[in-house]
Amino acid sequence: MALPKHSIAECLPLDVLPLILEHLDRRDLRTSAQISKAFHHAATPLLYRTLDVRVSVFGKMQVRNGSGDRPVVIHPSATILKRPEYAKYVRHVRENDCRKALKLCVNLEGFTWSDDSVEGTDESGFVAYLEVLRTLPLRELVIRTFYGLSDTVWARLQTFSGLTKVSIWCMEGKPRILQGWSETLGASLTHLELGRCSGVPASILISVLSHLPLLRALRLKGAPSAAILEILTFLPHLEILDTEYFGAAALARYDDVPAANLRELTVRTSSVHIQGFQQLWPWIRRLTPRTSLESFTLNAFSTQGEALVPRPFILDMAQTHRDTLKHFTADSTQMTLKDIECLCNVFPNLQTLSCTTMWSPDTTVYEETVQKANNLRELRLNFNNWNPAHMRRANLLDNSVQTTVRNMMLREGSVLRVVGMGSTIYEGQWVYRKAEDGTDGIEFEITPNILRDYWD
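Quick caveat, the model's predicted, so the values are computed rather than measured.

A. Main features of the overall build of the protein chain. Within the protein chain one finds 17 helices and 21 strands. Within the span of the protein chain, comprising 456 residues, buried residues form 43% of the whole.

See below:
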């Protein structure tokens, strides 16, 4: 008797399918849900995990008109109202026109409210959403508005407790820094983003954040730099910090060592003169006094020329974070090739490096720069010496550049597979190739991809 035929997909264990499908985008998830009952059962929860307005230009979602196809705006919340059994899968809502569907999402974890109106707006809609959210097991709340939050809305927000993430970004109105709310959230909040701290006295900001000892991730915009060191003494569990530096005044007289052991640090700064960066480097070092840092990102701009990353700063960082630092990004800061080589040498576990340097026609110098970076997987070099667009493309697609990239990737001990040279990204991988005699073999293939060039 012949055995029934089954596809490979039908033989997969059901508990494995969601782990595979979660890597697909929405279009592929929608296709997967139509393959079989098993795939439908696995893909549907992933399809409706997040409700957000999106645009589709594929398949049946295209609308024909005289000028061709045009995209269609899709509201998944409309499907929830038609198929309420799907509401139990919703975990995050990022759509502002779905209050009826929101009431059905009994397992909701996160909600995002966005209002980019530049004029005063009626907040009754947002208040109505807050009333619904009070009945749901909300854990994350993101608010992005242009006009700000009124005292009425803020009073309603202060009644929420048990949140693990709060993100508030307001362009206008009163700065909202959790004053009067941090005491309620202290027992649960682990992630906080405050997008407008400008004008808030350091003492008030420190007092508010001192009630949040469980914070693990903190992003502050406009916060007084002099207060950051003291804030870190109250946050022993903080691992991720994204903040700004505002000049020499940031070096406060506060001498206590931060209690936080930061794994990821992002610093944003600008200066009207290059000398303004002199105190930046010791300030950064004071934020990370112990071995812990794995990722460092610096966004520094100066109106008087490129800001340089000084060699002593690199060596000083290596004394503390030599064995932990894996990711270094300084795209807007100038580094010499010798400094990049030094960086690769003193941080042996470096995996990704992105910075700005000078273009050299002798491309072999780049091979020498990363010769000892045996754990480097991704290298992106931006060049600040400008040439006409057609010359840049010609230079970066030249055979000598591709030869250099190949040599860097295939060097003994190298794990480098992504190299960015200006606006061109080279990706390398081993692929199977069938020879002319019909035998299979493998070869290393490098594919260049030209990103959009904004100088054109």
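Still more to cover.
B. Structural view of the packing of aromatic side chains. The full count for this structure, using the stated rule, is 14 aromatic pairs. Ring plane angle 55° and centroid distance 6.0 Å describe the contact between Tyr366 and Phe383, whose orientation is recorded as tilted. Linking Tyr366 in helix α15 (residues 364-369) with Phe383 in strand β18 (residues 378-383), this pair joins segments that are 17 residues apart in sequence. Exposure remark for Tyr366: the relative accessible area of 2% places this residue in the buried category. An aromatic cluster is built from Phe111, Trp113, Phe126 and Tyr129, whose rings are joined through pairwise contacts. Seen from the ring of Tyr129, Arg99 lies directly overhead, with NZ or CZ sitting 5.8 Å from the centre.

C. Fine view of unusual backbone geometry. Despite not being glycine, Leu178 shows a phi value in the positive range, around 75°. Mapped onto the elements of the fold, Leu178 is located in the loop between β9 (165-170) and α9 (182-185). Take Leu178: its relative accessible area is 0%, and that puts it in the buried class.

D. Highlighting the nonpolar core. By size, the foremost hydrophobic cluster in this structure holds 120 residues, and its most contacted members are Leu133, Leu178, Trp181, Leu192, Leu218, Ile231 and Leu353. When residues of this core are assigned to their parent elements, the largest contribution, six residues, is made by helix α7 (residues 124-133).

E. A look at α7. The set of residues buried in α7 consists of Phe126, Val127, Tyr129, Leu130, Val132 and Leu133. Here the buried face of α7 lies against α6 (99-102), β7 (110-115), β8 (140-145) and α8 (151-157).

F. Quick peek at the pattern of salt bridges. Throughout the structure, instances matching the rule amount to 18 salt bridges. For Arg83, the salt bridge is made with Glu85, and the minimal N-O distance between the two is 2.5 Å. Note that Asp339 and Arg311 form a salt bridge whose closest N and O atoms lie 2.5 Å from each other. Within this pair, whereas Asp339 is found in helix α14 (residues 337-346), its partner Arg311 is found in helix α13 (residues 311-321), the two being separated by 28 residues in sequence. Since its relative accessible area comes to 33%, Arg311 is described here as partly exposed.

Rules behind the numbers
- Residues numbered from 1 in each chain as written.
- Predicted model: local features only at pLDDT ≥ 70, side-chain atom pairs only at ≥ 80, totals over all residues.
- Heavy atoms only, no water.
- Helix = DSSP H or I, 4+ residues; strand = E, 2+ residues; numbered from the N terminus.
- Buried < 20%, exposed > 50% of the residue type's maximum accessible area, 1.4 Å probe, protein only.
- Phe/Tyr/Trp six-rings, centres within 6.5 Å; stacked < 30°, edge-to-face > 60°.
- Lys NZ or Arg CZ within 6 Å of the ring centre and 35° of its normal.
- Core = buried A, V, L, I, M, F, W, Y, C linked by side-chain atoms within 4.5 Å.
- Contact = heavy atoms within 4.5 Å.
- Salt bridge = Lys/Arg side-chain N within 4 Å of Asp/Glu carboxyl O.

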